[in-house]
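Structural features, examined
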Amino acid sequence: MTRRERHDLRNGLLFIAPWLIGFGAFVAYPIAASVWYSLCDYSVLKPAVFIAADNYAELGQDPVFWQSLQNTLYFAVFYLPLSAMFAIALALLLNTGVRGMAVYRTIFFLPSLTPMIALAILWMWMLNGEYGVVNHFLNPVLGVFGLRSPDWLQTTIWSKPAIILMSLWGVGHAMVIYLAGLQDVPHQLYEAADIDGASWFAKLGHVTLPLISPVIFFNVVMGLIGAFQVFALPYVLTGGLGGPVRSTTFYAMYLYNCAFKYLRMGYACAMAWILFLIVLGLTLAVMRISRGRVYYGGT
Amino acid sequence: MAERDSQMTIPHRVRRVPRRGLRSFLIHAVLISGSFVFLFPLAWMISTSLKPIEQTMVMPPKWIPNPVQFLNYLRAVNFIPFFTYARNTLTICLLGTAGMVLSSSLVAYGFARIDWRGRNVLFVIVLATMMIPFPVTMIPLYGIFRNLHWIGTFRPLWVPAWFGNAFNIFLLRQFFMTIPRDLSDSARIDGCTELGIYRRVVLPLSRPALAVVALFHFMYNWNDFMGPLIYLIDQKTFTLSLGLQFYQSQHGGTEWNMLMAASTLVVLPIIVLFFFTQKTFIQGITMTGLKA
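Computed from a predicted structure; not experimentally measured.

Okay, the overall build of chain A next. Broken down by element type, chain A carries 15 helices and two strands. Scaling as 2.2 N^0.38, a compact globule of 299 residues should have a C-alpha radius of gyration of about 19 Å, whereas chain A reaches 24 Å, well beyond that. If you line up chain A on its principal axes, its C-alpha atoms span 75 × 70 × 30 Å.

Our next topic: the overall build of chain B. Helices and strands together make up the secondary structure of chain B, namely 15 helices and zero strands. Looking at chain B alone, contacts between residues at least 24 apart form 77% of all its contacts between residues at least 6 apart.

Next up on the list: the environment of B:Pro67. Its place among the elements puts B:Pro67 in the loop between α2 (18-49) and α3 (71-79). Counting along the chain gives twelve residues from B:Pro67 to B:Gln55, while the straight-line C-alpha distance between them is 9.8 Å.

Our next topic: helix α2 (residues 17-37) of chain A. Helical geometry note: an α-helix holds 3.6 residues per turn, so side chains three or four residues apart project in the same direction. Its 21 residues place the ends of α2(A) 28 Å apart at the C-alpha level, agreeing with the 30 Å of an ideal helix rising 1.5 Å per residue. At A:Phe23, α2(A) is bent by approximately 40°, the largest bend along its length. Residues of α2(A) that are buried: A:Pro18, A:Trp19, A:Gly22, A:Val27, A:Pro30, A:Ala33, A:Ser34 and A:Tyr37. Lining the buried residues of α2(A) we find β1 (40-41) and α15 (265-290) of chain A together with α4 (82-112), α5 (119-128), α6 (134-147) and α8 (166-177) of chain B.

Along its sequence, chain B is organised into domain 1 (2-75) and domain 2 (80-250). For domain 1 of chain B versus domain 2 of chain B, the distance between C-alpha centres works out to 37 Å.

This next bit is on unusual backbone geometry. All names here are of chain A. Look at Val245: it is not a glycine, yet its phi comes out positive at around 40°. Mapped onto the secondary structure, Val245 falls in the loop between α13 (232-237) and α14 (251-261). One non-glycine residue, Leu263, lies in the positive phi region at around 50°. For Leu263, the location among the structural elements is in the loop between α14 and α15. In this structure Leu263 comes out as partly exposed when scored by C-beta crowding, with 15 C-beta atoms within 10 Å.

Moving on, we come to the interface of chain A and chain B. Between chain A and chain B, the residue contacts involve 68 residues of the former and 73 residues of the latter. When residues in the side of chain A that touches chain B are grouped by element, the largest group, twelve residues, is from α2(A). Looking at the side of chain A that touches chain B residue by residue, the class counts come to 56 nonpolar, eleven polar and one charged.

Close inspection of predicted coordinates is inappropriate in any region flagged by low pLDDT. Of the residues in chain B, 88% have a pLDDT of 70 or more, and the chain-wide mean is 86. Listed scores for the predicted complex are pTM 0.88 and ipTM 0.87.

This part takes up the environment of B:Arg119. By the element assignment, B:Arg119 lies in helix α5. For the pair formed by B:Arg119 and B:Met130, sequence separation is eleven residues and the distance between their alpha carbons is 18 Å.

Residues and elements named next belong to chain A. In this structure, Asp41 sits in strand β1. For the pair formed by Asp41 and Trp19, sequence separation is 22 residues and the distance between their alpha carbons is 32 Å. If we ignore the near neighbours within four places in the chain, the residues touching Asp41 are Ala48, Val49, Ile51 and Gly266.

Once that is clear, we can look at the nonpolar core. Core analysis: the largest hydrophobic core is formed by 147 residues, its most contacted members being A:Ala120, A:Met175, A:Tyr178, A:Leu233, A:Leu255 and A:Ala268. Mapped onto the domain boundaries, this core takes at least three residues apiece from domain 1 (2-75) and domain 2 (80-250) of chain B. Each residue touching A:Ala268, except ones within four places of it in the same chain, is listed here: A:Leu255, A:Cys258, A:Ala259 and B:Ile139.

With that settled, the discussion passes to the packing of helix α3 (residues 54-61) of chain A against α15(A). Residues and elements named next belong to chain A. The interhelical angle for the contact between α3 and α15, taken along N-to-C directions, is 75°, at an axis separation of 9 Å. Classified by the angle between their axes, α3 and α15 sit roughly perpendicular to one another. Residues Asn55, Tyr56 and Leu59 of α3 touch α15, and the partners they reach there are Gly266, Tyr267, Ala270, Met271 and Ile274. When its residues are assigned to classes, the contact of α3 with α15 shows six nonpolar, two polar and no charged.

A few words now on the packing of α4(B) against helix α11 (residues 207-223) of chain B. Residues and elements named next belong to chain B. Between α4 and α11, whose axes approach to 9 Å, the crossing angle comes to 145°. For the element pair α4 and α11, the recorded crossing hand is right-handed. On the side of α4, the interface is formed by Thr89, Ile92, Cys93, Gly96, Thr97, Met100, Val101, Ser104 and Ser105, while α11 contributes Leu210, Val213, Ala214, His217, Phe218, Asn221 and Trp222. Within the contact of α4 with α11, the residues separate by chemical class into nine nonpolar, seven polar and no charged.

The rules behind each value
- Throughout, a residue's number is its position along its own chain's written sequence, starting from 1.
- Lettering for chains starts from A, numbering for ligands starts from 1, and both go in the order in which the items are written.
- Predicted model: local features are reported for residues with pLDDT of at least 70 only, side-chain atom pairs are reported and counted for 80 or more only, and whole-chain, interface and lining totals are derived from all residues.
- Segments assigned H or I by DSSP are reported as helices when at least four residues long, segments assigned E as strands when at least two residues long, and all are numbered from the N terminus.
- The quantity called the radius of gyration is restricted to C-alpha atoms. Its globule counterpart is 2.2 Å times the number of residues to the power 0.38.
- We call two residues in contact if the C-beta atoms placed from their backbones are at most 7 Å apart.
- One less than the number of residues in a helix, times 1.5 Å, gives the span that helix is expected to have.
- Bend, in this description, refers to the angle at a residue between axes fitted to the seven residues ending there and the seven starting there.
- Neighbour counting defines burial: a residue surrounded by 20 or more other C-beta atoms within 10 Å of its own C-beta is buried, one with 12 or fewer is exposed, and intermediate counts give partly exposed, using backbone-placed C-beta atoms.
- For the purposes of this description, domain bounds are those given by an automatic or database domain assignment.
- In the scheme used here, Gly and all other residues not listed as nonpolar or charged are polar, with Ala, Val, Leu, Ile, Met, Phe, Trp, Tyr, Cys and Pro taken as nonpolar and Asp, Glu, Lys and Arg as charged.
- The quantity known as pLDDT measures the predictor's confidence residue by residue, on a range of 0 to 100.
- Throughout this description, the term nonpolar core refers to a group of buried Ala, Val, Leu, Ile, Met, Phe, Trp, Tyr and Cys residues whose C-beta atoms join them within 7 Å.
- Fitting a line to C-alpha atoms yields each axis, with helices limited to the stretch in contact; the angle taken between N-to-C directions then spans 0 to 180 degrees.
- Note on angle classes: values under 35 degrees are labelled roughly parallel, values over 145 roughly antiparallel, values of 65 to 115 roughly perpendicular, and the remainder oblique.
- Note on convention: the crossing is left-handed when the near helix lies turned anticlockwise from the far helix by less than a right angle, right-handed when the turn is clockwise.

Here's what the structure looks like:
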């Protein structure tokens with residue numbers, strides 16, 4: 001190593017020192033400790049006692065665990081495609097060169113700034129079965145078909161759709177990312193497609209979507225990681241109970257309750273590792289599926 | 001100026017054929033109805049926050065409260081120690097944001113502007129940490145802060161920000177890489193140290209990216225619910241997001257006008273902040289999506 005190289009190595013390490021320390025204290029050590037605790041009976045108040053894989057075995061028998069996993073999958077299965085569809089559709093509309101694009105963009109983006117807690121309280125009020133403004137407008141429409149609108153958050157069938165609906169209201173964030181992606185698509189490609197007489201759908205399928213596929217991929221992976229950690233919204237809506245009848249007990253909420261309400265920290269760590277494996281597995285699956293379908297420019 | 005504007009718009013209008021007019025009409029129709037859906041809840045919140053209690057339940061809803069009752073805000077602010085909570089939130093936000101910008105920019109500089117052995121391996125580790133869900137580290141972290149006797153203080157909520165964050169490091173590194181190396185080299189010839197180049201060359205050229213990191217972290221702290229829920233115990237130390245929840249569960253959905261007034265007060269600063277920094281904001285979100 002030359003003097004110059006040694007000099008650079010020293011400087012480089014000094015500059016990244018904050019991260020190195022933070023990584024050790026707030027990432028590496030916690031990960032190692034979390035693996036260990038997941039194999040222990042641990043309540044934070046007393047030292048951990050090794051119990052091998054008992055936590056994992058118990059999770060397999062825990063109906064609330066399975067329920068929470070099921071609820072979270074339900075949320076992810078509906079929320080991810082719906083949010084991607086709405087975000088892309090809105091971005092496509094705004095990218096037509098329509099006048100007042102910046103104004104519309106601001107309007108659609110505003111809700112995603114709203115703090116989760118305020119969002120929860122606001123929607124709780126709007127979806128109230130008796131006084132809620134949503135049902136007030138919905139009932140006359142449904143009445144034509146002889147139906148009545150549901151008491152959203154009080155029924156096991158409609159509580160999850162209600163939460164999906166609220167989450168979709170924050171779709172503006174992804175929309176802004178898609179819009180930026182759309183604006184990067186070279187104009188010549190559309191002109192060439194026009195000369196070939198391509199229809200609007202052909203251009204969408206053969207030009208637009210392939211070219212923004214990296215953006216879609218990024219949003220889907222990020223959305224996936226986020227969807228499995230839904231916490232604040234259902235927690236506030238149900239006062240931490242996940243009702244009615246556990247229909248809104250999501251994975252992260254049950255994990256939090258195990259850790260901080262029942263002080264079963266080891267059990268919660270085991271849950272966290274299962275969550276990690278699920279998210280990792282799904283991310284790898286998305287990567288696998290998208291291989292050859294995501295276009296990164298060049299050849 | 002006015003003349004130039006009119007010159008620019010006329011040919012545009014002439015060119016527009018009827019079919020295009022219809023298409024543009026349809027697009028506007030969809031966008032405007034979409035705007036109603038998106039703005040509806042916020043408008044409803046503000047409208048309810050100004051209503052007398054008996055008008056909150058009236059159906060069909062009255063959009064314009066009569067009389068306009070500003071008193072709701074006064075009562076909302078006095079019902080919980082609102083200003084104490086606001087000060088707590090702001091303290092955490094400012095301390096956290098200052099640390100996040102400083103540490104992430106230092107680390108990003110080390111990864112972007114200095115060549116050293118092992119740099120790329122470590123950077124891959126930085127990126128990999130983004131994949132780890134928070135619950136995995138949550139419990140040991142709680143244990144660490146408990147041993148430090150930090151539970152019940154603001155420290156667990158802002159001290160980690162002083163050690164950088166993978167995503168922000170990544171964002172700033174990408175930005176720093178675009179600054180020409182020649183600038184650093186000439187500064188070095190002039191006798192500038194690495195720290196001097198960071199401070200006098202790279203930072204001043206990176207204001208937009210630094211603003212993005214600052215804004216996002218501020219927003220994150222302002223909206224964060226889980227962190228304060230885990231680490232804060234004493235009600236005097238609560239943040240706004242926590243206080244609002246506590247308040248809401250205590251008053252079981254009875255006085256909606258007051259609740260909506262309180263919610264408006266929590267949302268408002270973020271919306272005002274957004275309007276003043278809109279360009280930076282949109283730029284920042286764009287950066288997060290495209291550089292991945």
